[in-house]
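What the coordinates show
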Protein chains: 2
Amino acid sequence: MPDKVNLAEKFALFTEQWSHRLVGRINDMDVKLVKIEGEFIWHSHETEDEMFFVTRGRLTMHFRDKDVVVEPGEFIIIPHGVEHKPSCGEETHIMLVEPATTVNTGAEESDFTHTPEAL
Amino acid sequence: MPDKVNLAEKFALFTEQWSHRLVGRINDMDVKLVKIEGEFIWHSHETEDEMFFVTRGRLTMHFRDKDVVVEPGEFIIIPHGVEHKPSCGEETHIMLVEPATTVNTGAEESDFTHTPEAL
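Keep in mind the model is a prediction, meaning the values are calculated, not measured. (Residues numbered from 1 in each chain as written. Chains lettered and ligands numbered in written order. Predicted model: local features only at pLDDT ≥ 70, side-chain atom pairs only at ≥ 80, totals over all residues. Heavy atoms only, no water.)

With that out of the way, let us pick up the overall build of chain A. The secondary structure content of chain A amounts to 1 helix and 9 strands. Listing every helix and strand of chain A by position from the N terminus yields β-α-β-β-β-β-β-β-β-β. Counting across all 119 residues of chain A, residues that qualify as buried make up 53%. Once local pairs closer than 6 in sequence are excluded, the contacts in chain A between residues at least 24 apart make up 67%. Of the charged side chains in chain A, 11 are positive and 23 negative, and the gap between their average positions amounts to 5 Å. (Helix = DSSP H or I, 4+ residues; strand = E, 2+ residues; numbered from the N terminus. Buried < 20%, exposed > 50% of the residue type's maximum accessible area, 1.4 Å probe, protein only. Contact = heavy atoms within 4.5 Å. Lys, Arg positive; Asp, Glu negative; His and termini not counted. Charge placed at Lys NZ, Arg CZ, Asp CG, Glu CD.)

Here it is, written out as structure tokens:
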């Protein structure tokens, strides 16, 4: 039977940054938590849209033509095919909702490339 | 180009209860906001899982064998096929993530049956 997930409690269970933790599944979509700080790499996803929901900190999502600042209680959805680069000046906590097939760095092989772990 | 969505700002745009408002799309999933108060009907969804993320108030999700109370900063995912009935003693604000094919009352025709509107 389903149980609830408390985001703050789950975020307290890990400290590693840029490391996705699985906390739920909605049909073919994963729900993942990630703590990020600093700058990621430019990338895009060929077929997967990605939702970034911020619960703490401040996320700047860079696009080729603009930046969008996303704060707690806000989300942004990156459509597939759109190049983007997340960055944060402070540690920022994010709930991601995206197809389970999504690779965090898209087509770019990088030290950031990471397979999510169950939390 | 993608823009962000501020949940509190979007919730301020409507007052109607049990009326879903579309605020985003992640591939084949809708992101919807809904304000609920009182008791819904027992129902299930044949193929669609549903995520209820609470931003305000207090949601009680009834299952045939238990109740789960979901508070702000928490979510619950209802797997397809599982009977459930949401209820709230006070107005509660929820972000839903579920396949775009989801009918809010599942297979049950009801006065609650509702097609989401874009916000």
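On to the interface of chain A and chain B. Residue-level contacts link 38 residues of chain A with 38 residues of chain B. Together chain A and chain B conceal approximately 3,100 Å² of surface at their shared face, both sides included; 64% is due to carbon and sulfur atoms. A per-residue breakdown of the area chain A buries against chain B is headed by P2(A), K4(A) and F75(A), which together make up 21% of the total. Across the contact surface, chain A and chain B share 2 salt bridges. The residue E74(A) makes a salt bridge to K4(B) at a minimum N-O spacing of 2.9 Å. For the pair chain A and chain B, the number of links is 16 residue pairs in polar contact (both at pLDDT 80 or more). (Buried area = accessible area lost by both parts, 1.4 Å probe. Salt bridge = Lys/Arg side-chain N within 4 Å of Asp/Glu carboxyl O. Polar contact = N/O pair within 3.5 Å; in protein donor to acceptor, adjacent residues only side chain to side chain.)

Our next topic: the environment of E9(B). Within the secondary structure, E9(B) is located in helix α1 (residues 7-11). For the pair E9(B) and M61(B), spaced 52 residues apart in the sequence, the C-alpha separation amounts to 26 Å.

Residues and elements named next belong to chain B. Within the secondary structure, K32 sits in strand β3 (residues 29-39). Classification of K32 as buried rests on a relative accessible area of 1%. Within polar-contact distance, the side chain of K32 engages the side chain of E98 at 2.6 Å. When neighbours within four sequence positions are excluded, K32 is seen to be in contact with H20, R21, L22, V23, I94, M95, L96, E98, T102 and P116.

The next subject is the packing of aromatic side chains. Using the criterion set out here, one finds 9 aromatic pairs over all chains in the structure. Between F53(A) and F53(B), the ring centres sit 5.2 Å apart and the planes meet at 70 degrees, which makes this aromatic pair edge-to-face. Here F53(A) is found in strand β4 (residues 50-56), whereas its partner F53(B) is found in strand β4 (residues 50-56) on a different chain. On the accessibility criterion, F53(A) (4% relative accessible area) is buried. (Phe/Tyr/Trp six-rings, centres within 6.5 Å; stacked < 30°, edge-to-face > 60°.)

Moving on: the UniProt feature "domain: Cupin type-2" (unreviewed entry) in chain A. As recorded in UniProt, the feature "domain: Cupin type-2" (unreviewed entry) lies at residues 38-92 of chain A. Secondary structure content for residues 38-92 of chain A is 0% helix and 55% strand, while the C-alpha to C-alpha distance between its ends is 10 Å. (UniProt positions renumbered as here; feature names shortened; annotations may be inferred.)

What follows is about the relation of the copies chain A and chain B. Both copies of the chain are related by a screw-like operation: a rotation about an axis and a shift along it. Of the transformation placing chain A onto chain B, the axial shift is 0.0 Å and the rotation is 180 degrees, giving an RMSD of 0.0 Å. The transformation just described matches what one would write down for a two-fold rotation axis. The overlap is high: 100% of the interface residues of chain A also sit at the interface in chain B, so the same surface is used on both sides. (Least-squares fit on C-alpha atoms with pLDDT ≥ 70 in both.)

Residue and element names in this part refer to chain A. If you walk through the whole model with that rule in mind, you get 16 salt bridges over all chains. A salt bridge links E117 to R21; its shortest N-O distance comes to 3.8 Å. Placement of the pair is E117 in strand β9 (residues 117-118) and R21 in strand β2 (residues 21-26), with a sequence separation of 96 residues. A residue is classified by how much of its surface remains accessible, and R21, at 10% relative accessible area, is buried. Connected through shared salt-bridge partners, E16, R21 and E117 make up one network.

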